[in-house]
Amino acid sequence: TQVEKGGYKHFMAKEIAEQPVVLADALRHYLTTDGLNLPSELDFSNISRLTLVACGTAFYACSVAKYWFESLARLPVEIDVASEFRYREPPLPTDSYAIFVSQSGETADTLAALRYCDEKVAKTIAVVNVPTSSIARESDIALPILAGVEVGVASTKAFTCQLLVLATLALKAARDRGHMSEAELAKHMETLRLLPGLLTRALDLDEALNIVSNDLSEARDVLFLGRGAMYPLALEGALKLKEISYIHAEGYASGELKHGPIALIDSHTPVIVFAPHDALFDKTVSNMQEVMARGGKVLLVSDRKGLDVASEGVWQTVQMPEVPDLFAPILYAVPAQLIAYHTAVAKGTDVDQPRNLAKSVTVE
Ligand code: G6P
């Protein structure tokens, strides 16, 4: 089927804007009135470990999911990029599950990692956008992310839909392992159902982020910071920005700032901080102040509560809707994507088809 841009300048813009709709589709599929709609053979009760493997943006989805599985389900999680995982001969417990996340379902390294795990673990699970793909076919269980065709090389709606499916799996694991009551599960499901509406509100920040991005497009280097599950979001923000705008960008865990990247801070290096007003907010703010004390200019992406207490001296602020802490990474993906998009447009790069990159990497 031919996919059109439908009035948007780029597929990437269209795919970013589609997120509330595709996320709602995925929610309707995975969340029913009686609970989670997942294959009955999935049972995390006696699983000793989870291995999550992917490449690129899908790997950052795995990195967010690690926080969820560990905190909600008390399940130890190992994550790795497929190109490393496949050759390091990792020992795998037979009572473990391995999950492979891939938009295309054809990434050569991820497929090789899946083949390595086959027979060694209790189950291989694929989280894929293309249900007929090799990774979907060769895994024991394939879970569709239901994002629809994604054309832009920089993955956007696939990322948020991958996160949603992984969140659903984490809730299932928490239930199976006795770490979540029926009532708590119902509460989390309610939160997930709020996401399409919240994403729509985050998309309303498009014009504000467009204006900020004009300034960002002048930068030579940009740093992204986050803590907890916002750390992988910082990595994803940096990946998006570098792949389509060609501006050098790095994502760092806020707490690691003092172990290196703080040496790079000057008035020309914008620092983008993803910091919802959560349990770690004060820690992130203190890292942010270290940046400002060294003349760094900070773009703070937070909610009203966060901005009320931490906006002083900040170069730019972006006010996000309030969202329960746990699933904030799904919402904060939107500003990460829009910043990269508008910065690239301001630079005049080929947003949908950035140089040297491919949508699907089927060779090693
Ligand atoms: C390429 C794409 C990325 C994608 C990565 C993994 O690098 O440009 O957008 O995240 O491959 O692809 P997959 O299809 O396995 O998710």
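Residues numbered from 1 in each chain as written. Predicted model: local features only at pLDDT ≥ 70, side-chain atom pairs only at ≥ 80, totals over all residues.

Taking an unreviewed UniProt entry as the reference, the protein chain is identified by name as Glutamine--fructose-6-phosphate aminotransferase [isomerizing] belonging to Celeribacter ethanolicus. Of the protein chain, the UniProt comment under Subunit (unreviewed entry) reads exactly: "Homodimer." Quoted verbatim from the Function (unreviewed entry) heading of the UniProt record, the comment on the protein chain is "Catalyzes the first step in hexosamine metabolism, converting fructose-6P into glucosamine-6P using glutamine as a nitrogen source." (UniProt positions renumbered as here; feature names shortened; annotations may be inferred.)

*Asks:* Go over the overall build of the protein chain, please, and point to the residues and values.
*Replies:* Helix and strand counts for the protein chain stand at 13 helices and 12 strands. By the compact-globule yardstick of 21 Å for 364 residues, the protein chain fits well, its C-alpha radius of gyration being 20 Å. Each of the three principal axes of the protein chain carries a C-alpha extent, and together these read 55 × 45 × 40 Å. For the protein chain, the residues scored as buried account for 52% of the 364 residues in total. (Helix = DSSP H or I, 4+ residues; strand = E, 2+ residues; numbered from the N terminus. Rg over C-alpha atoms; globule rule 2.2 N^0.38 Å. Buried ≥ 20, exposed ≤ 12 C-beta atoms within 10 Å, placed from the backbone.)

*Asks:* Please set out the site of the ligand residue by residue, giving values where relevant.
*Replies:* Residues in close proximity to the ligand total 16 residues, the closest being Gly 56, Ser 102, Gln 103, Ser 104 and Thr 107. Its residues assigned to classes, the shell around the ligand shows 6 nonpolar, 9 polar and 1 charged. (Near = placed C-beta within 6 Å. Nonpolar A, V, L, I, M, F, W, Y, C, P; charged D, E, K, R; others polar.)

*Asks:* Help me get a handle on helix 3 (residues 56-73), residues and values and all.
*Replies:* Counted at 1.5 Å a residue, the expected span for helix 3 with its 18 residues is 26 Å, and the 25 Å between its end C-alpha atoms agrees. The buried fraction of helix 3 amounts to 15 of the 18 residues, a majority that puts the element mostly inside the structure. The first or second residue beyond helix 3 is Arg 74, which carries a positive phi of 50°. (Expected span 1.5 Å × (residues − 1).)

*Asks:* Please give an account of the sheet that holds strand 11 (residues 297-303) that cites residues and values.
*Replies:* Spatially, 9-8-10-11-12 is the arrangement adopted by the 5 strands of the open sheet, whose pairing is parallel. Two strands bound the open sheet, and with one partner strand each, they are strand 9 (248-253) and strand 12 (316-320). Geometrically, the sheet is characterised by an average inter-axis angle of 20° between neighbouring strands, direction not taken into account. Looking at chain direction, strand 8 (residues 221-226) and strand 9 are connected through 6 bridges and run parallel. (Pairing = 2+ DSSP bridges. Axes fitted to C-alpha atoms, helices over the stretch in contact; angles between N-to-C directions.)

*Asks:* Mind laying out the nonpolar core, listing which residues take part and the relevant values?
*Replies:* Ranked by internal contacts, the top residues of the largest apolar core, which has 128 residues, are Ala 54, Ala 61, Ala 170, Val 273, Leu 331 and Tyr 332. Apart from residues lying up to four places away in sequence, Tyr 332 is in contact with Met 230, Leu 233, Phe 274, Pro 276, Val 301 and Met 320. (Core = buried A, V, L, I, M, F, W, Y, C linked by C-beta atoms within 7 Å. Contact = placed C-beta atoms within 7 Å.)

*Asks:* Talk me through the pairing of strand 4 (residues 77-81); I want residue IDs and the actual numbers.
*Replies:* Taken together, the 5 bridges between strand 3 (residues 49-54) and strand 4 define a ladder with parallel strand orientation. When the bridges of strand 4 are listed, Leu 50 appears paired with Val 77. Of the crossover connections in this fold, the one passing from strand 3 over helix 3 to the parallel strand 4 is right-handed. (Right-handed = clockwise from strand over helix to strand, strands pointing away.)

*Asks:* Give me the pairing of strand 8: which residues, what numbers.
*Replies:* Regular strands place their side chains on alternate faces of the sheet. Burial of strand 8 is extensive: 5 of the 6 residues sit out of reach of the surface. Taking the sense of rotation as the criterion, the β-α-β connection linking strand 8, helix 10 (residues 230-245) and strand 9 turns out right-handed. Strand direction decides the pairing type here: strand 8 and strand 10 (residues 270-274), joined by 3 bridges, are parallel. Bridge pairing in strand 10 places Phe 224 opposite Ile 272.

*Asks:* Describe in detail the sheet that holds strand 5 (residues 96-102), supporting the description with residues and values.
*Replies:* Pairing between the strands of a sheet comes from backbone hydrogen bonds, and it takes one of two forms, parallel or antiparallel. Taken in spatial order, the 5 strands of this open sheet run 4-3-5-6-7, and their pairing is parallel. The outermost strands of the open sheet, each flanked by one partner alone, are strand 4 and strand 7 (141-144). For this sheet, the mean inter-axis angle between neighbouring strands, taken without regard to orientation, is 20°. Examined bridge by bridge, strand 5 and strand 6 (residues 123-128) share 6 bridges and lie parallel to one another. The residue of strand 6 that forms the bridge with Tyr 97 is Lys 123. Most of the contacts of helix 3 go to strand 3, to which it runs at about 165°, and overall it touches strand 3, strand 4 and strand 5.

*Asks:* Before we move on, can you summarise the packing of helix 10 against helix 13 (residues 328-347) with the specific residues and values?
*Replies:* Relative to each other, helix 10 and helix 13 sit at 20°, their axes nearing to 9 Å. It follows from the interaxial angle that helix 10 and helix 13 lie roughly parallel. For the pair helix 10 and helix 13, the sense of crossing is right-handed. Residue-level contacts link Met 230, Leu 233, Glu 236, Gly 237, Lys 240, Leu 241, Ile 244 and Ser 245 of helix 10 to Pro 329, Tyr 332, Ala 333, Ala 336, Gln 337, Ile 339, Ala 340, Thr 343, Ala 344 and Lys 347 of helix 13. A breakdown of the residues in the contact of helix 10 with helix 13 according to their chemical character gives 11 nonpolar, 4 polar and 3 charged. (Parallel < 35°, antiparallel > 145°, perpendicular 65-115°, else oblique. Left-handed = near helix turned anticlockwise from the far one by under 90°.)

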